[in-house]
Amino acid sequence: MRSRTVDQLTLLQSYCVTFQAALASVQSSDEYTFLQSLLTVGGVENAWIGAYYFENKWKWIDRANFNYTNWHSLNSVYSYPCAYMSSN
């Protein structure tokens with residue numbers, strides 16, 4: 001059974017593809033630092049990443065292993081089970 005969150009992230013991922021982009025999954029501090037630099041260059045303070053909370057654990061939309069964690073989620077995983085990263 002799919003959750004509404006997974007469906008929304010899938011829709012967002014499809015939207016990104018129209019711009020030849022994708023929601024990021026972050027696997028290391030080097031990748032996180034690189035993505036932060038892109039946010040800074042783009043003048044963006046926060047950006048959604050492809051992480052979501054489902055069935056009591058965090059997952060990446062691209063199904064990568066979920067080992068590195070350094071992001072923010074709004075409120076609680078139960079009220080808004082998605083994650084974003086900050087430029088600072």
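What this report covers is the structure whose coordinates are included nearby. Note that the structure is a prediction, hence the values are computed from the model and not measured.

**Description of the packing of aromatic side chains**
And step 1. What the rule picks out here adds up to six aromatic pairs.
And step 2. Note on tyrosine 32 and tyrosine 68: the rings are 6.2 Å apart at their centroids and 55 degrees apart in plane angle, and the pair reads as tilted. Taken as a pair, tyrosine 32 in helix H2 (residues 29-42) and tyrosine 68 in the loop between strand E2 (57-60) and strand E3 (72-73) lie far apart in primary sequence, 36 residues in all.
And step 3. Looking at tyrosine 32, the relative accessible area reads 6%, which means it is buried.
And step 4. Ring plane angle 65 degrees and centroid distance 5.4 Å describe the contact between tyrosine 53 and tryptophan 58, whose orientation is recorded as edge-to-face. Per residue, the accessibility class of tyrosine 53 equals that of tryptophan 58, and both read buried.
And step 5. An aromatic cluster is built from Tyr53, Trp58, Trp60 and Phe66, whose rings are joined through pairwise contacts.

**Quick notes on the nonpolar core**
And step 1. Judged by nonpolar contacts, the single largest core of 13 residues is most densely connected at Val26, Ile49, Ala51, Trp58, Ala83 and Met85.
And step 2. Secondary-structure elements contributing two or more residues to this core are H2, strand E1 (46-54), E2 and strand E4 (82-86).
And step 3. The next biggest cluster of nonpolar side chains, apart from the first, holds six residues, and it includes Cys16, Tyr52, Phe54 and Ile61.

**Examining the environment of serine 86**
And step 1. Looking at the element boundaries, serine 86 is found in strand E4.
And step 2. Taking C-alpha positions, serine 86 is 4.4 Å from asparagine 46, a pair spaced 40 residues apart along the chain.
And step 3. Here asparagine 46 takes part through its side chain, which lies 2.8 Å from a polar atom of the side chain of serine 86.

**Quick notes on the pairing of E4**
And step 1. Buried residues dominate E4, accounting for five of its five residues.
And step 2. The two faces of E4 match: Cys82, Tyr84 and Ser86 on one face and Ala83 and Met85 on the other face are all buried.
And step 3. The pairing of E1 with E4 spans four bridges and is antiparallel. Bridge pairing in E4 links alanine 47 to methionine 85.

Parameters and conventions
- Residues numbered from 1 in each chain as written.
- Predicted model: local features only at pLDDT ≥ 70, side-chain atom pairs only at ≥ 80, totals over all residues.
- Heavy atoms only, no water.
- Phe/Tyr/Trp six-rings, centres within 6.5 Å; stacked < 30°, edge-to-face > 60°.
- Helix = DSSP H or I, 4+ residues; strand = E, 2+ residues; numbered from the N terminus.
- Buried < 20%, exposed > 50% of the residue type's maximum accessible area, 1.4 Å probe, protein only.
- Core = buried A, V, L, I, M, F, W, Y, C linked by side-chain atoms within 4.5 Å.
- Polar contact = N/O pair within 3.5 Å; in protein donor to acceptor, adjacent residues only side chain to side chain.
- Pairing = 2+ DSSP bridges.

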